[in-house]
Amino acid sequence: DEKQVLLNCENVVKRYGSLAAVDGMSLSVAAGEIVGIGGPNGAGKTTFFDVITGITPLTEGSIAFDGHDITGLGADRICQLGMARTFQLNAAFESLTVRENIDVATYFGRAKRTFPGLRLGPEAREQTEEALAFVGLAAKADQTVGQLPVLDRKLLMIAGAIATRPKILFLDEPVGGLNTTEIDLIMELVLKLKGEGMTVVLIEHVMRFLLALSSRVLIMHHGKKIFEGLPNQVAEDPVVVATYLGEG
Ligand code: ATP
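Within any chain, residue numbers begin from 1 and follow the written order of that chain's sequence. Per-residue local features of the predicted model are confined to residues with pLDDT of at least 70, and side-chain atom pairs are confined, for both listing and counting, to 80 or more; whole-chain, interface and lining totals are unaffected and use all residues. Side-chain measures were taken over the full set of non-hydrogen atoms in the model, leaving aside hydrogen atoms and water.

- Looking at an unreviewed UniProt entry, one finds the protein named ABC-type branched-subunit amino acid transport system ATPase component and attributed to Allorhizobium borbori.

So, in structure tokens, the structure goes:
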């Protein structure tokens, strides 16, 4: 049976001056799918996420999400329609606690209109606690973020994204800088999200992680899609091997 298309990007272009960081990317994501995006440094992966999630405006193309044309909408509106993301580098309020950081996400997420004013109502409080528990950070809720090790910071960003109650989650290098055990832990977490029906698009250089989780893989190079297919086809693709996998 045909799965519902949740996200549809058509011929998306993002130029910075004369550089086309994203150069005609199309991507369709069905509800419940995990799509993985790989490719060399500077391929335009993060910029593609930035454009989809409204962090930066696109130059050309169109993006539809969950029945809405979101082309040109700002990140706050897009978040409230049900998109959330994490960032490659830490994005958190360093001097706030773990819980306070998640509260900010809860406040700006999809429950926002239910809770006017800066105080979170009981339902929103629950949303924060659920997100903390989901990633296993409940015991560290009162710690200041600045003291956290790298794994906990990754978990914090995922918790923040979850707290906005997204329909689709974008993860930008969720295991970058982590060791094998930590990578496995994040992998379990993504599988748990998938089990709950979450739709995920992830960028990752760690191929083991990318290939194990994704039902479909895209490889980008110079802003373009040079491969789209099943995980087990990636390593056999001559263009991918020549431009990306051959590197290391
Ligand atoms: P990595 O794997 O290293 O994270 P990436 O595939 O995510 O790389 P991007 O970060 O999207 O690549 O960068 C794509 C290209 O766009 C690079 O050449 C980068 O220098 C350029 N770029 C990104 N953001 C900007 C910006 N704000 N202004 C100018 N150029 C930018």
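## A short note on the sheet that holds strand S1 (residues 5-16)
Okay, so step 1: The four strands lie next to each other as S2-S1-S4-S5, forming an open sheet whose pairing is antiparallel. Only two strands of the sheet have a single neighbouring strand rather than two, namely strand S2 (19-30) and strand S5 (68-69).
Okay, so step 2: Both strand S4 (residues 60-65) and S5 contribute to a ladder of two bridges, which runs antiparallel. Paired with Ala-64 across the strands is Asp-69, a residue of S5.
Okay, so step 3: Two residues form a contact once any of their heavy atoms are found within 4.5 Å. To obtain an axis, a line is fitted to C-alpha atoms, over the contacting stretch when the element is a helix, and the angle between two such axes runs from 0 to 180 degrees between their N-to-C directions. Strands here mean DSSP runs of E at least two residues long; helices mean DSSP runs of H or I at least four residues long; both are numbered from the N terminus. Strands S1, S2 and S4 of the sheet are contacted by helix H1 (residues 45-52), whose axis makes an angle of about 115° with S1. Two strands form a pair only when DSSP identifies at least two bridges running between them.

## As for the packing of aromatic side chains
Okay, so step 1: Any two of the Phe, Tyr and Trp rings considered here, Trp counted by its six-membered ring, make a pair once their centres fall within 6.5 Å; the pair's planes then place it as stacked at under 30 degrees, edge-to-face at over 60, or tilted in between. Enumeration over the complete set of coordinates arrives at two aromatic pairs.
Okay, so step 2: Between Phe-49 and Phe-170, the aromatic rings sit 5.0 Å apart at their centres with planes inclined by 80°, giving edge-to-face as the arrangement. Of this pair, Phe-49 sits in helix H1 while Phe-170 sits in strand S7 (residues 168-172), and the two are 121 residues apart along the sequence. For the pair formed by Phe-49 and Phe-170, the shared burial category is buried.
Okay, so step 3: Between Tyr-107 and Phe-108, the ring centres sit 5.0 Å apart and the planes meet at 90°, which makes this aromatic pair edge-to-face. For every residue, the accessible area (1.4 Å probe, protein chains only) is compared with the maximum for its type, and the residue is labelled buried under 20%, exposed over 50%, or partly exposed between those bounds.

## Considerations on empty space enclosed by the protein
Okay, so step 1: Only protein atoms enter the calculation, which uses a 1 Å grid: trapped sets of points that fit a 1.4 Å probe without letting it out are cavities, open sets showing protein on both sides within 12 Å along at least five of seven lines are pockets, and any residue with an atom within 4 Å of a point is a lining residue. Grid points are joined across faces, edges and corners, and a volume is the space filled by probe spheres set on the points. Enumeration over the complete set of coordinates arrives at one cavity of 30 Å³ or more.
Okay, so step 2: Roughly 40 Å³ of internal volume is contained in the largest cavity.
Okay, so step 3: Together, Thr-86, Phe-87, Lys-154, Met-157, Ile-158, Asp-172, Glu-173 and Pro-174 line the largest cavity.
Okay, so step 4: At three residues, helix H5 (residues 150-163) tops the list of elements feeding residues into the lining of the largest cavity.
Okay, so step 5: Looking at side-chain class alone, the lining of the largest cavity contains four nonpolar, one polar and three charged residues. Residues were grouped as follows: Ala, Val, Leu, Ile, Met, Phe, Trp, Tyr, Cys and Pro as nonpolar; Asp, Glu, Lys and Arg as charged; and all remaining residues, including Gly, as polar.

## A word on the packing of helix H4 (residues 122-135) against H5
Okay, so step 1: One way to put it is that H4 packs onto H5 with a least axis distance of 9 Å and a crossing angle of 140°. When the interaxial angle is binned, H4 and H5 end up oblique. Our pair here, H4 against H5, has a crossing hand that is right-handed. Mapping the contact onto sequence places Gln-127, Ala-131, Phe-134 and Val-135 in H4 and Leu-155, Ile-158, Ala-159, Ile-162 and Ala-163 in H5.
Okay, so step 2: Among the residues forming the contact of H4 with H5, the class breakdown is eight nonpolar, one polar and no charged. Any angle that is under 35 degrees is reported as roughly parallel, and any over 145 degrees as roughly antiparallel; angles of 65 to 115 degrees are reported as roughly perpendicular and all others as oblique. Handedness of a crossing is defined here by the sense of rotation of the near helix relative to the far one, left-handed for an anticlockwise turn of less than a right angle and right-handed for a clockwise turn.

## Brief notes about the site of the ligand
Okay, so step 1: Throughout this document, a residue counts as near a molecule or strand when at least one of its heavy atoms sits within 4 Å of that molecule or strand. Taken together, 14 residues sit near the ligand, with Gly-42, Lys-45, Thr-46, Thr-47 and His-205 positioned nearest.
Okay, so step 2: Under the rule applied, a polar contact is a pair of N or O atoms within 3.5 Å (in protein, one hydrogen donor and one hydrogen acceptor; residues adjacent in sequence only if both atoms are side-chain atoms). With respect to the ligand, the backbone of Gly-42 contributes an N or O atom lying 2.9 Å from an oxygen atom.
Okay, so step 3: Residue Lys-45 places a side-chain N or O atom 2.7 Å away from an oxygen atom belonging to the ligand.
Okay, so step 4: Each accessible area is a Shrake-Rupley result for a 1.4 Å probe, and residues are judged covered by the shown protein chains and nothing else. Isolated, the ligand exposes 640 Å² of accessible area, and the fraction of that covered by the protein chains is 62%.
Okay, so step 5: Of all elements in the fold, only S2 and H1 reach the threshold of two or more residues within the shell around the ligand.

## Section: the layout of surface pockets
Regions of empty space are outlined by a rolling probe, equal in size to a water molecule, passed over the atoms.
Okay, so step 1: The space that makes up the largest pocket amounts to roughly 630 Å³.
Okay, so step 2: Arg-85, Phe-87, Ala-105, Gly-160 and Thr-164 are, among the 25 residues lining the largest pocket, the residues nearest its centre.
Okay, so step 3: Put simply, the parts of the chain that give the lining of the largest pocket at least two residues each are helix H2 (75-81), strand S6 (83-85), helix H3 (98-108) and H5.
Okay, so step 4: When residues in the lining of the largest pocket are grouped by element, the largest group, five residues, is from H3.
Okay, so step 5: Residues belonging to the lining of the largest pocket are distributed by class as follows: 17 nonpolar, six polar and two charged.

## Describing H3
Okay, so step 1: Residues of H3 that are buried include every one of Val-98, Asn-101, Ile-102, Asp-103, Ala-105, Thr-106 and Tyr-107, and no others.
Okay, so step 2: Among the structural elements, H4 and H5 are those in contact with the buried residues of H3.

## Some thoughts on the nonpolar core
Okay, so step 1: Nonpolar core, defined: a set of buried Ala, Val, Leu, Ile, Met, Phe, Trp, Tyr and Cys residues in which side-chain atoms within 4.5 Å join the residues together. In this structure, Val-135, Ile-186, Leu-202 and Phe-209 are the most contacted members of the largest nonpolar core, which totals 44 residues.
Okay, so step 2: No other element matches the eight residues that H5 contributes to this core.
Okay, so step 3: If we ignore the near neighbours within four places in the chain, the residues touching Leu-202 are Ile-34, Val-35, Gly-36, Ile-37, Phe-49, Leu-171, Phe-209, Leu-210 and Leu-213.
Okay, so step 4: Grouped together as the second largest cluster of nonpolar side chains are 27 residues, Leu-6, Cys-9, Phe-48 and Val-51 included.

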